[in-house]
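# A look at the structure
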Amino acid sequence: MGMKRLTKQRRAVLEVIRQAKGHHPDAAWVYAEVRKRVPHISLGTVYRTLDVLVEEGYLLPLSRPGEALRYEANLDGHLHMLCRHCHEYFDIVHPLPDLVSEVRAKYPELTIERVQVEYQGLCPRCQEKHPRDTESSVGQTPHI
Ligand SMILES: [Zn+2]
Ligand SMILES: [Zn+2]
């Protein structure tokens, strides 16, 4: 699975996502950016390329019901905060306690494959735009 085997189109798709730093773009955004480098690429090709890059482990898909799939090129384990106004994901690098082994021990009949934790709230820009719109429910959320 070496980078050498990536075609020009696949490399361009991967690069625009990697250079989006902190942004977690959807296919439409990727398409617009990739066309600046590969003008004749089609949206279908971008979708297929994204699928292949996910399959081969270069990208992680971020899915939310009712929304376009977003793509993550930063594969260092990190968490996300989803801003409920602009719907952008913000990277949170903070260790989580290892609950999985405890839960596995408690529920041996379940095969737990992965844990998905997502913080939700407001990003700095949206806090500025909506200064009075801050929920104080976080304190009641059970601690993870
Ligand atoms: Zn925001
Ligand atoms: Zn991220």
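First, a word on scope: everything that follows refers to the structure included in this document. Quick caveat: nothing in here was measured; it's all calculated off a predicted structure. (Residues numbered from 1 in each chain as written. Chains lettered and ligands numbered in written order. Predicted model: local features only at pLDDT ≥ 70, side-chain atom pairs only at ≥ 80, totals over all residues.)

### Let's talk about the overall build of the chain
Inclusion rule: By the criteria applied, helices consist of DSSP H or I runs no shorter than four residues and strands consist of E runs no shorter than two, each listed in order from the N terminus. Partly exposed residues are those whose C-beta has more than 12 but fewer than 20 other C-beta atoms within 10 Å; 20 or more makes a residue buried and 12 or fewer makes it exposed, with C-beta atoms placed from the backbone. Here the contact rule is simple: place C-beta atoms from the backbone, and any two residues whose C-beta atoms are within 7 Å are in contact.
Looking only at helices and strands, one finds 5 helices and 5 strands in the chain. Secondary structure elements of the chain, listed N to C terminal, follow the sequence α-α-α-β-β-β-β-α-β-α. Counting only residues that meet the buried cut, the chain has 14% of its 144 residues in that class. Pairs at least 24 apart in sequence give 52% of the contacts found in the chain among residues at least 6 apart.

### Regarding helix α3 (residues 43-55)
Spelled out, the test is: How far a helix is expected to stretch is found by multiplying one less than its residue total by 1.5 Å. Working definition: the arc comes from the directions between the helix axis and the C-beta atoms, pointing outward to the latter.
The terminal C-alpha atoms of α3, which comprises 13 residues, lie 18 Å apart, in line with the 18 Å expected from a rise of 1.5 Å per residue. For α3, the set of buried residues is Val46, Thr49, Leu50 and Leu53. Considered in projection along α3, the buried side chains sweep an arc of 105° and stay on one side of the axis. Opposite its buried face, α3 presents the exposed residues Gly44 and Glu55, each directed more than 90 degrees away. Backbone geometry just after α3 places glycine 57 at a positive phi near 90°.

### Notes on the pairing of strand β4 (residues 89-92)
Inclusion rule: At least two bridges found by DSSP between two strands is the condition for calling them paired.
In terms of strand pairing, strand β3 (residues 79-83) meets β4 through 4 bridges, oriented antiparallel. Within the sheet, the bridge partner assigned to histidine 80 lies in β4 and is aspartate 91. The antiparallel pairing of β3 with β4 creates a hairpin that spans 5 residues between the two strands, and histidine 87 there sits at a positive phi of about 60°.

### Description of the packing of helix α1 (residues 8-19) against helix α2 (residues 27-34)
Put simply, the test is: Only C-alpha atoms enter the line fits that serve as axes; for helices the fit covers just the stretch in contact. Angles between N-to-C directions range over 0 to 180 degrees. Orientation categories follow fixed angle ranges, with anything under 35 degrees roughly parallel, anything over 145 roughly antiparallel, 65 to 115 roughly perpendicular, and all other angles oblique. The crossing is said to be left-handed when, going from far helix to near helix, the turn is anticlockwise and less than a right angle, and right-handed when the turn is clockwise.
The contact between α1 and α2 brings their axes to 9 Å, and the two run at 110°. Judged by the inter-axis angle, α1 sits roughly perpendicular to α2. By crossing handedness, the relation of α1 to α2 is classed as right-handed. Only Val30, Glu33 and Val34 of α2 make contact with α1, whose side of the interface consists of Ala12, Val13, Val16 and Ile17.

### Quick word on the nonpolar core
For clarity, the cut-off: Note on terminology: a nonpolar core is any set of buried Ala, Val, Leu, Ile, Met, Phe, Trp, Tyr and Cys residues joined through C-beta atoms within 7 Å.
Among the nonpolar cores identified, the biggest contains 14 residues, and Val13, Ile17, Val30, Val34 and Leu50 are the most heavily contacted of them. Where this core is concerned, the elements lending two or more residues are α1, α2 and α3. Counting residues per element, this core draws most heavily on α1, which supplies 5 residues. Leaving out residues up to four positions away in the same chain, leucine 50 has contacts with Val13, Ala27, Val30, Leu59 and Tyr71.

### Description of α2
Listed as buried for α2 are Val30, Tyr31 and Val34. In an axial view of α2, the angular spread of the buried residues amounts to 100°, which keeps them on one side of the axis. Packed against the buried residues of α2 are α1 and α3.

### Focus: the sheet that holds β4
Judged by pairing direction, the sheet is mixed, and its 3 strands sit side by side in the order β4-β3-β5 without closing on themselves. Two strands lie at the open edges of the sheet, namely β4 and β5 (118-121), each paired on one side alone. Adjacent strand axes in the sheet meet at a mean angle of 30° when their direction is disregarded.

### Examining the packing of α1 against α3
Two numbers describe how α1 lies on α3: the axes approach to 10 Å, and their chain directions differ by 80°. Here α3 runs roughly perpendicular to α1, going by the angle between their axes. Taking contact as the criterion, the partners of Gln9, Arg10, Val13 and Leu14 in α1 are, on α3, Thr45, Val46, Thr49, Leu50, Val52 and Leu53.

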